[in-house]
Amino acid sequence: MTKLCPIGTKGYRKIIAIEPASGSVPLRVLLLGGTSEASEIARRLADDDGLRVLSSLAGRVNQPRIPAGPVRIGGFGGVDGLTAFLKEGKIRAVIDATHPFASRISANAETACKQLGVPLIAFARAPWAKHEADHWHAVPDTERAAAYIAKTASRVFLAIGRQQLDAFASCNNAWFLIRAIDPPDVSLPANTKLLLERGPFLLEDELGLLRDHAIDCVVSKNSGGPATYAKIEAARLLRIPVVMVDRPPRKHTVATVDSINGVLSNLSRLQFQLGAIQEPCAP
Ligand code: NAP
């Protein structure tokens, strides 16, 4: 027996879902994560009986925030490993909700999905837009950010995570306040204070941090999203320049969505196409 139940979301067309008849197989979905949006997607899909969503984390941080539902941790072993994983796990859809600077896993996901004909829903949060009161110096990568710092700044708040900090290792003329979730395992510049903290960060705290350390330059990736934006606002209010590392070249060749609702709506459409949901109703 099937049972009709409304699963409409505000702002979207109301659709009627057919709960899977007992014995029917839920749609197996791999959710590539490592972002707050991926955790939110996992949370919102955890109770959907028509889906089996497996979250995947790279395992970069020592104590990751574990999303709702089943989770696996660690790399797949490149495209071949991911392709084998999708096949063996009978995965019928992939959601790529990784960080905008995580380009390898996104490229691998696209290739693996193309090879197997598995649909890919690609999420990319919007980058931060420059406000007219911002003083940004845009650079294409962390190496160029380090070259700029070597020439200019003296007291730098370096908030780019811990993976590419070694680009700044030879910037010995500057003093650095470095913030990361876990201790970096790469060479650091000589004059460094390390702050181990995890976002989200509040504007008031970021203002205090910049003032207390007499920071005169912030280095940031253009990650987008609200969790780490307060340092950009604080820099604006204190008239501190920001060396803004632009995103790597477009991660996906497939169309991307920039909202969680967009991901969920695409997934509902996919469930419908794959036969798990009845045709959408008229609004
Ligand atoms: P990356 O360069 O694109 O990925 C490097 C390798 O890590 C991939 O080839 C893959 O290994 C593995 N990997 C990455 N994400 C994975 C996932 N969700 N599940 C399983 N394996 C994954 O990525 P990255 O810049 O190192 O970032 C690693 C993770 O941290 C990403 O998931 C990302 O969402 C998160 N993150 C990154 C940043 C950033 O600034 N880069 C910031 C916040 C969070 P195999 O090839 O062996 O499969």
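Structure shown above.
Residues numbered from 1 in each chain as written. Predicted model: local features only at pLDDT ≥ 70, side-chain atom pairs only at ≥ 80, totals over all residues. Heavy atoms only, no water.

Bringing the packing of aromatic side chains into the picture now. One pass over the structure, following the stated rule, counts three aromatic pairs. Note on W128 and Y229: the rings are 5.4 Å apart at their centroids and 50 degrees apart in plane angle, and the pair reads as tilted. Within this pair, whereas W128 is found in the loop between β7 (120-123) and β8 (136-139), its partner Y229 is found in the loop between β12 (217-221) and α6 (230-237), the two being separated by 101 residues in sequence. Both residues of the pair, W128 and Y229, count as buried. On the numbers, 6.0 Å between centres and 70 degrees between planes, the contact of F168 with F176 is edge-to-face. The same class applies to F168 as to F176, namely buried. A cation sits over an aromatic face here: R155 above W175, 4.1 Å from the ring centre. (Phe/Tyr/Trp six-rings, centres within 6.5 Å; stacked < 30°, edge-to-face > 60°. Helix = DSSP H or I, 4+ residues; strand = E, 2+ residues; numbered from the N terminus. Buried < 20%, exposed > 50% of the residue type's maximum accessible area, 1.4 Å probe, protein only. Lys NZ or Arg CZ within 6 Å of the ring centre and 35° of its normal.)

Where helix α5 (residues 203-212) contacts α6, the axes come no closer than 8 Å and their chain directions differ by 55 degrees. In terms of axis orientation, α5 runs oblique to α6. Considering the relative orientation of α5 and α6, their crossing is right-handed. The segment α5 lies against α6, with L203, E206, L207 and L210 engaging A230, K231, E233, A234, A235 and L237. For the contact of α5 with α6, the class distribution of residues is seven nonpolar, no polar and three charged. (Axes fitted to C-alpha atoms, helices over the stretch in contact; angles between N-to-C directions. Parallel < 35°, antiparallel > 145°, perpendicular 65-115°, else oblique. Left-handed = near helix turned anticlockwise from the far one by under 90°. Contact = heavy atoms within 4.5 Å. Nonpolar A, V, L, I, M, F, W, Y, C, P; charged D, E, K, R; others polar.)

All right, on to the site of the ligand then. For the ligand, the set of nearby residues contains 22 residues, the closest of which are S56, F76, G77, R104 and K221. Within the backbone of G33, a nitrogen or oxygen atom sits 2.9 Å from an oxygen atom of the ligand. The element contributing the most residues to the shell around the ligand is helix α3 (residues 103-116), with four residues. Grouping the constituent residues of the shell around the ligand by class yields six nonpolar, twelve polar and four charged. (Near = heavy atom within 4 Å. Polar contact = N/O pair within 3.5 Å; in protein donor to acceptor, adjacent residues only side chain to side chain.)

Running from amino to carboxyl end, helix α1 (residues 36-45) crosses helix α7 (residues 260-273) at an angle of 45 degrees, the nearest separation of the two axes being 10 Å. In terms of axis orientation, α1 runs oblique to α7. Considering the relative orientation of α1 and α7, their crossing is right-handed. Counting all contacts with α1, which are made through E37, E40, I41, R44 and L45, the residues of α7 involved are I260, N261, V263, L264 and L267.

The parallel open sheet is built from six strands, whose spatial order is β8-β13-β12-β9-β10-β11. Among the strands making up the open sheet, the edge pair consists of β8 and β11 (192-196). The average undirected angle you get between the axes of adjacent strands in this sheet is 20 degrees. Sitting on the sheet, helix α4 (residues 142-151) is in contact with β8, β9 (155-159), β10 (175-180), β12 and β13 (242-245), with an inclination near 160 degrees to β13. Against the sheet, α6 contacts β8, β9, β10, β12 and β13, and its axis sits at roughly 150 degrees relative to β12. (Pairing = 2+ DSSP bridges.)

Bringing the sheet that holds strand β14 (residues 256-257) into the picture now. Strand order in the open sheet made by the six strands is β5-β4-β3-β6-β7-β14, with parallel pairing throughout. The open sheet terminates on both sides in strands that have one partner only, identified here as β5 (71-73) and β14. Helix α2 (residues 78-88) rests against β3 (27-32), β4 (51-57), β5 and β6 (93-96) of the sheet, and its axis sits at about 155 degrees to β3. Docked against the sheet, α3 engages β3, β6 and β7, running at close to 160 degrees with respect to β7.

So, on to unusual backbone geometry. Peptide bonds are trans in most cases, and residues, glycine excluded, mostly fall at negative phi. A cis amide bond, omega 5 degrees, links G199 with the succeeding residue P200. Phi is positive for K90, which is not a glycine, with a value near 50 degrees. Structurally, K90 is set in the loop between α2 and β6. Residue classification places K90 among the exposed positions, given a relative accessible area of 60%. Residues other than glycine seldom take positive phi values, yet R239 does so here, at roughly 55 degrees.

Our focus in this paragraph is the pattern of salt bridges. Two side chains that carry opposite charge are able to pair once their charged atoms sit near each other. Applying the stated rule across the entire model yields eight salt bridges. Here E37 ties to R125 by a salt bridge, and the two come within 2.8 Å at their closest N and O atoms. With E37 in helix α1 and R125 in the loop between β7 and β8, this pair connects stretches of sequence that are 88 residues apart. A residue is classified by how much of its surface remains accessible, and R125, at 11% relative accessible area, is buried. Measuring nitrogen to oxygen at the nearest pair gives 2.8 Å for the salt bridge that ties R179 to E206. With R179 in strand β10 and E206 in helix α5, the pair connects residues that are 27 residues apart, well separated along the chain. Classification of R179 as buried rests on a relative accessible area of 5%. (Salt bridge = Lys/Arg side-chain N within 4 Å of Asp/Glu carboxyl O.)

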